[in-house]
Amino acid sequence: QVQLVESGGGLVQPGGSLRLSCAASGSIASIDPMGWYRQGPGNQRELVATITSGSSTNYADSVKGRFTISRDNATNIVYLQMNSLKPEDTAVYYCNGYIHDRRTTYWGQGTQVTVSS
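Caption draft 1: Focus on the environment of Thr50. Looking at where Thr50 falls in the secondary structure, it is placed in strand 5 (residues 46-51). For Thr50 and Met34, which are 16 residues apart along the polypeptide, the C-alpha to C-alpha distance reads 5.7 Å. Residues in contact with Thr50, not counting those within four places in the same chain, are Met34, Gly35, Tyr37, Ser56, Thr57, Asn58 and Ile69.

In structure tokens, the structure reads:
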């Protein structure tokens, strides 16, 4: 059984920072890439950032320069450092990862991020 569990969400004021974590557990030989997505109120789920095991990254234009994705390959944890947060960053943030030997993308349950004064 493979599980991805996010943590670190919460309420923050505009301009503030949060760090999200996502730990993948279970029988995992290789999980690559890993990524963060988000779904705001009334919106479709959208890409935030992805990262490969070789540390190649990709970001949505809306978060470039403010968010940083990183990962620990030894523990299969992916992080999302979010700085200069804006009210429009309010969303449920989901992590995912592609497990090659299962040919399946797994998703976490999501963590709420609310940016409000």
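Further notes follow.
Caption draft 2: Fine view of the packing of aromatic side chains. A complete count under the given rule lists 1 aromatic pair for this structure. The cationic tip of Arg19 hangs over the ring face of Tyr79; the distance from NZ or CZ to the ring centre is 4.0 Å. Arg45 extends its terminal NZ or CZ atom over the ring of Tyr94, reaching a point 3.7 Å from the ring centre.

Caption draft 3: Spotlight on the nonpolar core. The biggest cluster of nonpolar side chains holds 30 residues, and the ones touching the most others in it are Trp36, Leu80, Met82 and Tyr93. Where this core is concerned, the elements lending two or more residues are strand 3 (18-25), strand 4 (31-39), strand 5, strand 7 (67-72), strand 8 (77-82), strand 9 (91-99) and strand 11 (111-115). If we ignore the near neighbours within four places in the chain, the residues touching Tyr93 are Glu6, Leu20, Trp36, Tyr37, Arg38, Val48, Phe67, Leu80, Met82, Gly110, Thr111 and Val113.

Caption draft 4: How the structure looks around unusual backbone geometry. Cis rather than trans, the peptide bond between Asp32 and Pro33 has omega equal to 0°. Residue position: Pro33 is located in strand 4. Backbone geometry places Ser55, a non-glycine residue, at a positive phi of 75°. With phi around 50°, Ser84 is a residue other than glycine that occupies positive phi space. For Ser84, the location among the structural elements is in the loop between strand 8 and strand 9.

Caption draft 5: Layout of the pairing of strand 7. With burial as the criterion, only one face of strand 7 is covered, namely that bearing Phe67, Ile69 and Arg71; the residues Thr68, Ser70 and Asp72 on the opposite face remain uncovered. For strand 7 and strand 8, the ladder comprises 6 bridges, and the chain directions are antiparallel. Considered in strand 8, the bridge of Thr68 is made with Gln81. Two successive antiparallel strands, strand 7 and strand 8, enclose a turn made up of 4 residues, where Asn76 displays a positive phi of approximately 55°.

The rules behind the values
- Residues numbered from 1 in each chain as written.
- Predicted model: local features only at pLDDT ≥ 70, side-chain atom pairs only at ≥ 80, totals over all residues.
- Heavy atoms only, no water.
- Helix = DSSP H or I, 4+ residues; strand = E, 2+ residues; numbered from the N terminus.
- Contact = heavy atoms within 4.5 Å.
- Phe/Tyr/Trp six-rings, centres within 6.5 Å; stacked < 30°, edge-to-face > 60°.
- Lys NZ or Arg CZ within 6 Å of the ring centre and 35° of its normal.
- Core = buried A, V, L, I, M, F, W, Y, C linked by side-chain atoms within 4.5 Å.
- Buried < 20%, exposed > 50% of the residue type's maximum accessible area, 1.4 Å probe, protein only.
- Pairing = 2+ DSSP bridges.

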